[in-house]
Amino acid sequence: MPSPNHQDARRDLDQLRADTLDCFDRLLADFTNELSATLLASARAARDRLTAGQYRVIVCGEFRRGKSSLLNALVQRPRLFPVELNITTAAVMTLSWSATERVTVHLVDESQPSGTRRVEAKSVGEIRDYVTEQGNPGNGKEVVLVEVGMPIEELRGGLVLVDTPGIGSVNAAHTAATNAHLDLADALVFVASATEPLSEYELRFFARAAARCRTVAVAVTKSDQAIDIDAMVAEVRARITKATGVAAASLFVQPVSALRLEMAVARGDDKRRAESGFPALGDYLWHNLSITCGVEQGIAALDVMEDMVRVARLRHATAYDAVHHSDPLAELKRQINKVKADIAAAKNTETARRALKDAITQADRDVQKALADEFERISGDFNNGLNATAFDPDGLVQKVSTAAVAVTEQSTKDLTTALDKIADKHLRTPQTTGKPGETIQLGQIDLPDQVYATEVSNFTRFRTRLAGANAYGAAGAVAGGVVGSVVPIIGTAVGAAFGALVGQVTGLFLGHQEGIERNAEKLRRQQMARIGEHVNKRIDSARRRAEQGLRYQAQDAKDSLLRAFDDQAKAHQETLAKTEQKLRDTLNAAADRLAEERARTAAALEAFAVRHEEVDRLRTRAEALSGNRP
């Protein structure tokens with residue numbers, strides 16, 4: 001019967017397992033979508049093991065050390081585990097609690113997903129038909145596992161005894177089967193013999209096994225054959241401690257004798273029963289070891305639960321850092337400040353306006369100078385023509401008129417070209433800050449696309465308006481005036497003036513002919529002078545009218561360009577103001593969402609802290625139970 005301390009420990013363990021499972025289920029419900037498939041599978045496997053409440057105790061040792069006899073004596077079921085010398089299979093046998101007797105045999109079947117199929121035996125008496133040489137020669141039935149369930153009260157606490165094939169036998173499959181089950185062990189009972197000292201092979205195996213399973217114990221069989229059992233136990237403990245590094249004080253070593261137990265049971269001799277060592281071994285297994293395994297299993301589950309909380313928290317912690325330890329709105333604020341600077345610059349138009357006026361004035365001066373130079377050339381060519389030997393008054397006047405018209409038209413075109421370049425340079429609106437369609441990442445917040453102004457002057461519209469309404473109208477007046485002054489044949493209104501000019505020139509020329517007859521040289525000079533004076537006055541008049549026309553064109557252009565500049569500056573300021581407002585609206589919306597995100601991430605981390613504290617409290621209870629176990 002378990003002592004009161006054992007009963008308290010069992011009750012505390014059961015409550016700890018129930019509380020741990022409750023926490024585990026809530027973690028799985030909350031974090032399933034946030035865990036990797038690998039961690040999720042590991043978590044579910046740990047939960048399933050905890051739910052089952054079973055602790056696998058692997059009983060292992062070298063071949064023919066009495067493992068099966070030890071187990072039979074321990075559960076007081078003689079011949080439950082076959083003890084024949086010729087155990088043919090590498091099958092593993094397990095014994096666990098069951099309300100009714102049952103035997104399940106697992107046979108190799110590659111057609112099944114698990115690689116095995118189950119066969120239910122009728123009774124424990126059929127076990128030999130699967131694991132002995134007599135019942136299963138050469139393991140022709142391909143047995144890999146035999147599971148036995150019996151109503152043995154000592155196993156109700158969850159211990160599952162696992163009898164493994166002996167290591168070091170001629171059949172290598174025996175050792176392989178034992179090694180395969182070590183990874184599933186919650187505890188390890190290593191079986192040695194009092195009649196044979198521990199071999200180096202046994203010590204190496206024990207060292208490897210102890211590295212894979214932290215809870216280990218040693219049972220030394222055939223203790224009735226030892227001369228000095230205490231010395232033998234001390235030697236076993238010392239050699240294992242030296243080989244494995246396991247602390248001697250923490251290593252449970254119990255000598256047992258199945259023969260003494262059998263005799264004690266037959267005679268009802270309690271003293272001899274105690275001397276057999278099995279009551280002490282049973283007490284350790286059914287009470288201490290079951291509590292130890294339960295605590296270790298709970299701690300293993302808590303390790304997985306802590307990993308779940310840590311991994312699931314990581315993503316939320318990253319989001320928390322993004323919105324709490326930095327300024328996600330910094331880019332929006334920078335853009336607003338840039339737009340404000342652009343607005344201030346846009347309001348200061350005086351310098352740009354003056355530069356525009358100066359550029360137009362300079363263009364007018366340059367074209368005016370070129371026009372004056374061309375008219376000077378026309379006048380020079382005319383005067384040279386007067387002194388020619390073959391004097392043709394009609395041809396000379398026609399040449400002067402054509403040249404004057406061409407020069408005037410070219411000057412108008414040159415000024416128009418210069419004004420277009422000035423408009424391109426001085427009337428272009430710079431784009432506002434930012435890129436259209438840009439999305440700003442705010443931690444976990446996706447801000448809406450910003451809308452930015454991108455107005456640019458319509459220079460074609462400006463040129464059409466300027467040329468049609470002002471510039472080319474003035475140019476036409478200038479050209480018409482020049483032609484009317486120099487070539488009167490253009491237009492009825494100036495035809496008479498041109499006829500008078502030709503008549504005057506012809507009369508002067510006829511007078512020139514008569515002068516030759518009367519007083520040739522003197523009269524010729526006088527009349528050439530009169531012709532030159534008259535025509536040069538008309539050339540000078542045409543130049544002045546052309547210059548006046550260019551000034552009109554330049555002034556019209558200046559007025560139009562300045563109006564366009566002022567309109568565009570106003571529109572640019574309005575556009576920048578709208579952009580600033582949109583950015584501010586976006587900033588306000590983002591600030592609201594940032595506040596929500598900060599509150600959400602803070603609440604999430606607080607929830608993780610609560611879960612982590614809950615796991616820590618469970619771990620504290622498990623460690624306390626481990627330290628206080630009987």
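Okay, so let's go over this structure. (Residues numbered from 1 in each chain as written. Predicted model: local features only at pLDDT ≥ 70, side-chain atom pairs only at ≥ 80, totals over all residues. Heavy atoms only, no water.)

## A look at the overall build of the protein chain
Assigned secondary structure in the protein chain consists of 15 helices and 11 strands. The buried share of the protein chain, taken over its 630 residues, is 45%. Of the roughly 31800 Å² of accessible surface on the protein chain, 51% is carried by carbon and sulfur atoms. (Helix = DSSP H or I, 4+ residues; strand = E, 2+ residues; numbered from the N terminus. Buried < 20%, exposed > 50% of the residue type's maximum accessible area, 1.4 Å probe, protein only. Areas by Shrake-Rupley, 256 points an atom, 1.4 Å probe, with all protein chains shown as cover.)

## Observations regarding the pairing of strand 3 (residues 102–108)
Of all seven residues that make up strand 3, five are buried, and the element is covered over most of its length. Bridge analysis of strand 3 against strand 4 (residues 116–121) gives six bridges, and the strand direction is antiparallel. Bridge assignment links Val108 to a residue of strand 4, and that residue is Thr116. (Pairing = 2+ DSSP bridges.)

## Some remarks on the nonpolar core
One recurring pattern in soluble globular proteins: nonpolar side chains tend to sit buried together. Residues Phe24, Leu95, Val148, Leu161, Leu281 and Leu285 are the most contacted members of the largest nonpolar core, which totals 75 residues. Broken down by element, the residue count for this core peaks at 18 residues, all from helix 10 (residues 278–324). (Core = buried A, V, L, I, M, F, W, Y, C linked by side-chain atoms within 4.5 Å.)

## Observations regarding the sheet that holds strand 9 (residues 252–255)
Neighbouring strands of a sheet are bound in pairs by backbone hydrogen bonds; such pairs are parallel or else antiparallel. Within the open sheet, the nine strands sit side by side as 4-3-5-2-6-1-7-8-9. Their pairing is mixed. Each end of this open sheet is capped by a strand with a single partner; those strands are strand 4 and strand 9. For this sheet, the mean angle separating the axes of adjacent strands, direction not counted, is 20°. Sheet analysis places strand 2 (residues 92–97) next to strand 5 (residues 143–150), joined by six bridges and oriented parallel. Counted as the bridge partner of Trp97 is Met150 from strand 5. Helix-sheet contacts for helix 3 (residues 67–75) involve strand 1 (55–61), strand 2, strand 6 (159–163), strand 7 (187–193) and strand 8 (216–221), and the interaxial angle to strand 6 is about 150°. (Axes fitted to C-alpha atoms, helices over the stretch in contact; angles between N-to-C directions. Contact = heavy atoms within 4.5 Å.)

## Some remarks on the packing of helix 3 against helix 10
Packing of helix 3 against helix 10 brings their axes to within 10 Å, and their N-to-C directions diverge by 80°. With respect to each other, helix 3 and helix 10 are oriented roughly perpendicular. Contact residues: Leu70, Ala73, Leu74 and Val75 in helix 3; Phe278, Leu281, Gly282, Leu285 and Trp286 in helix 10. Of the residues assigned to the contact of helix 3 with helix 10, the class counts are eight nonpolar, one polar and no charged. (Parallel < 35°, antiparallel > 145°, perpendicular 65-115°, else oblique. Nonpolar A, V, L, I, M, F, W, Y, C, P; charged D, E, K, R; others polar.)

## Structural notes on the environment of Ile531
In this structure, Ile531 sits in helix 15 (residues 492–627). Put simply, Ile531 and Asn383 are 148 residues apart on the chain and 9.7 Å apart in space, counted from C-alpha to C-alpha.

## Some details on the pattern of salt bridges
The full count for this structure, using the stated rule, is 34 salt bridges. For the salt bridge of Arg544 with Asp540, the shortest nitrogen-to-oxygen distance reads 2.1 Å. Here Asp540 and Arg544 lie together in helix 15, a separation of four residues that amounts to about one turn. Overall, Arg544 belongs to the partly exposed group, its relative accessible area being 42%. The class for Asp540 is partly exposed, based on a relative accessible area of 29%. With a shortest N-O distance of 3.0 Å, Arg543 and Glu547 are connected by a salt bridge. Remark: Glu547 and Arg543 occur in helix 15; sequence separation between them is four residues, near one turn of the helix. (Salt bridge = Lys/Arg side-chain N within 4 Å of Asp/Glu carboxyl O.)

## What about the packing of aromatic side chains?
Evaluation of the coordinates by the stated rule reveals four aromatic pairs. With centroids separated by 5.2 Å and ring planes inclined at 20°, the aromatic side chains of Phe31 and Phe608 adopt a geometry described as stacked. Within this pair, whereas Phe31 is found in helix 1 (residues 4–31), its partner Phe608 is found in helix 15, the two being separated by 577 residues in sequence. Each ring, one from Phe252 and one from Tyr284, has its centre 3.9 Å from the other, and the planes form 5°; the classification is stacked. Residue Phe252 is located in strand 9, and its partner Tyr284 is located in helix 10; the two are separated by 32 residues in the primary sequence. In this structure Tyr284 comes out as buried when scored by relative accessible area, which is 14%. Aromatic ring contacts, followed pair by pair, group Phe190, Phe205 and Phe206 into a single cluster. (Phe/Tyr/Trp six-rings, centres within 6.5 Å; stacked < 30°, edge-to-face > 60°.)

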